[in-house]
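Letter by letter, the chains look like this.
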Amino acid sequence: AQSVTQLDSHVSVSEGTPVLLRCNYSSSYSPSLFWYVQHPNKGLQLLLKYTSAATLVKGINGFEAEFKKSETSFHLTKPSAHMSDAAEYFCVVTNNNNDMRFGAGTRLTVKP
Amino acid sequence: DGGITQSPKYLFRKEGQNVTLSCEQNLNHDAMYWYRQDPGQGLRLIYYSQIVNDFQKGDIAEGYSVSREKKESFPLTVTSAQKNPTAFYLCASRADRALLNEQFFGPGTRLTVL
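Since we're looking at a predicted model, the values are computed, not measured. Sequence order as written defines the numbering, with residues in each chain counted from 1. In the order they appear in the text, chains get letters beginning with A and ligands get numbers beginning with 1. Residues qualify for local features only when their pLDDT is at least 70, as the model is predicted, and side-chain atom pairs are given and counted only at 80 or more; totals for whole chains, interfaces and linings, by contrast, use all residues. To get the side-chain values, take all heavy atoms of the structure and skip hydrogens and water.

Student: What's the story with the overall build of chain A in this structure? I'm lost.
Tutor: Scanning chain A for helices and strands turns up zero helices and twelve strands. Listed by position from the N terminus, the elements making up chain A come as β-β-β-β-β-β-β-β-β-β-β-β. Computation of the radius of gyration draws on C-alpha atoms alone. For the globule rule, the value is 2.2 Å times the number of residues to the power 0.38. Over its C-alpha trace chain A gives a radius of gyration of 13 Å, about what one expects of a compact globule, namely 13 Å for 112 residues. Judged by the C-alpha coordinates and their principal axes, chain A covers about 40 × 30 × 20 Å. The buried share among the 112 residues of chain A stands at 45%. By definition, residues are in contact when any of their heavy atoms lie within 4.5 Å. Considering only contacts in chain A between residues 6 or more positions apart, those separated by 24 or more positions represent 56%. Just so you have it, chain A exposes about 5,300 Å², and 50% of that area is on carbon and sulfur atoms. Each charge class in chain A can be summarised by its mean position, and for the 10 positive and 8 negative side chains these summaries are 3 Å apart. Here a strand is any run of E in DSSP of at least two residues, a helix any run of H or I of at least four, and the numbering for each starts at the N terminus. Partly exposed residues are those whose accessible area sits between 20% and 50% of the maximum for their type, while under 20% is buried and over 50% is exposed, using a 1.4 Å probe and protein chains only. With residues, only the protein chains shown are counted as cover, and all accessible areas are computed by Shrake-Rupley using a 1.4 Å probe. His residues and chain termini do not enter the charge count, which takes Lys and Arg as positive and Asp and Glu as negative. Positions of charges follow a simple convention, taking NZ of Lys, CZ of Arg, CG of Asp or CD of Glu.

Student: Would you explain the overall build of chain B in this entry?
Tutor: When helices and strands are tallied, chain B shows zero helices and eleven strands. Scanning chain B from its N terminus toward the C terminus, one meets helices and strands in the order β-β-β-β-β-β-β-β-β-β-β. Taking 2.2 N^0.38 as the reference for a compact globule, 114 residues should give roughly 13 Å; the C-alpha atoms of chain B span a radius of gyration of 13 Å, in line with that estimate. Each of the three principal axes of chain B carries a C-alpha extent, and together these read 40 × 30 × 25 Å.

Student: Teacher, can you tell me more about the nonpolar core here?
Tutor: Within soluble globular proteins, side chains that are nonpolar tend to cluster in buried spots. Formed by 26 residues in total, the largest nonpolar core has its most connected members in Trp35, Leu48, Leu76 and Tyr89 of chain A. The leading source of residues in this core is strand β10 (residues 87–94) of chain A, at four residues. Aside from chain neighbours lying at most four places away, what touches leucine 48 of chain A is Leu33, Phe34, Trp35, Val57, Lys58, Gly59, Phe63, Glu64, Ala65, Phe74 and Leu76 of chain A. Among the nonpolar cores identified, the runner-up in size contains 19 residues, and Leu11, Cys23, Met32 and Cys91 of chain B belong to it. By nonpolar core we mean a set of buried residues, namely Ala, Val, Leu, Ile, Met, Phe, Trp, Tyr and Cys, connected to one another through side-chain atoms within 4.5 Å.

Student: Would you take a moment to explain the pairing of strand β11 (residues 109–113) of chain B for this structure?
Tutor: Each regular strand carries side chains that alternate between the two faces of the sheet. Residues and elements named next belong to chain B. Alternating positions in β11 separate cleanly, Thr109, Leu111 and Val113 being buried on one face and Arg110 and Thr112 remaining unburied on the opposite face. Two strands pair if DSSP finds at least two bridges between them. Where strand β2 (residues 10–13) and β11 come together, four bridges link them in parallel fashion. What sits directly across from tyrosine 10, in β11, is arginine 110. Here strand β9 (residues 87–94) runs beside β11; their pairing, made up of three bridges, is antiparallel. In the strand pairing of β11, alanine 87 is matched with leucine 111.

Student: Is there a simple way to think about the packing of aromatic side chains in this case?
Tutor: How two aromatic rings sit relative to each other is set out by the distance from centre to centre and by the angle between their planes. In this scheme Phe, Tyr and Trp rings, the latter by its six-membered ring, pair at centre separations within 6.5 Å, and the angle between planes marks the pair as stacked below 30 degrees, edge-to-face above 60, and tilted otherwise. Evaluated as defined, the whole model comprises 13 aromatic pairs over all chains. A ring pair is formed by tyrosine 47 of chain B and phenylalanine 55 of chain B, whose centres lie 5.9 Å apart and whose planes are at 80°; its orientation type is edge-to-face. Measuring from ring centre to ring centre gives 5.9 Å for tyrosine 64 of chain B and tyrosine 89 of chain B, while their planes differ by 65°; the resulting arrangement is edge-to-face. Of the two residues, tyrosine 64 of chain B is situated in strand β7 (residues 64–66) and tyrosine 89 of chain B in strand β9; the sequence distance between them amounts to 25 residues. In this structure tyrosine 64 of chain B comes out as buried when scored by relative accessible area, which is 6%. Residue tyrosine 89 of chain B is classed as buried on the basis of its relative accessible area, which comes to 0%. Ring pairing ties together the aromatic residues Phe34, Tyr36 and Phe102 of chain A together with Tyr33, Tyr35, Tyr48 and Phe105 of chain B, which thus form one cluster.

Student: Before we go on, may I ask you to explain the state of the cysteines in this structure?
Tutor: A disulfide bridge is the covalent bond that connects two cysteines by way of their sulfur atoms. All names here are of chain A. Here, two cysteine sulfur atoms that lie within 2.5 Å of each other are counted as a disulfide. Enumeration according to the criterion identifies two disulfides over all chains in this entry. Cysteine 23 shares a disulfide with cysteine 91; S-S distance 2.0 Å. With the S-S bond torsion at -65°, the cross-link from cysteine 23 to cysteine 91 turns out left-handed. Of this pair, cysteine 23 sits in strand β4 (residues 23–27) while cysteine 91 sits in strand β10; the two residues are 68 residues apart in sequence, bridging distant segments of the chain. Accessibility expressed as a relative area gives 0% for cysteine 91, which makes it buried.

These figures come from the coordinates and say nothing about function on their own.
Shown next as structure tokens:
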């Protein structure tokens, strides 16, 4: 069985300050982990993925995430938030191509 | 321009009617998926298909049906048996059955039952 918990349903930051979106996972096997972003009324876009290579993963738009097996975490970070980063972010875990488990999402608000 | 298209973007249905949501991809992907998204929740898997003429139920298949007659097309029918069909529906595809590749998503269809 596998599952993912996004620890914050809403995060608010000021433009230019760091972003931290937290994700913890549970998996019986070595998982693959993804972060997706969704803008209002749009589909999901892949930000980055971890598939058992380097534990620090760099993605698009300046985002990165670190896989920490001991903490079962895969937190998403960005050094400096932009207004365009305001969106919903989903953490996803899978060890089976057809069984992807989505977190409930974290809504990121960026204040000017 | 490769990608996944879903139509229509917005759909309204009266109670008791069946409705079909379209999903087409020109990425030459083997696998295709349908998800339902409700406010404040993550995506839940309705159906998936790994190959033409084959599909499997996901976590919430009741009240839905699919077909996979062509590699590029995976339509979803929301039947009158679905008790709470108002939601945002997302279609996705993935390149290879053997590898843990990411899924690519369409823009979604918002279904509202009147």
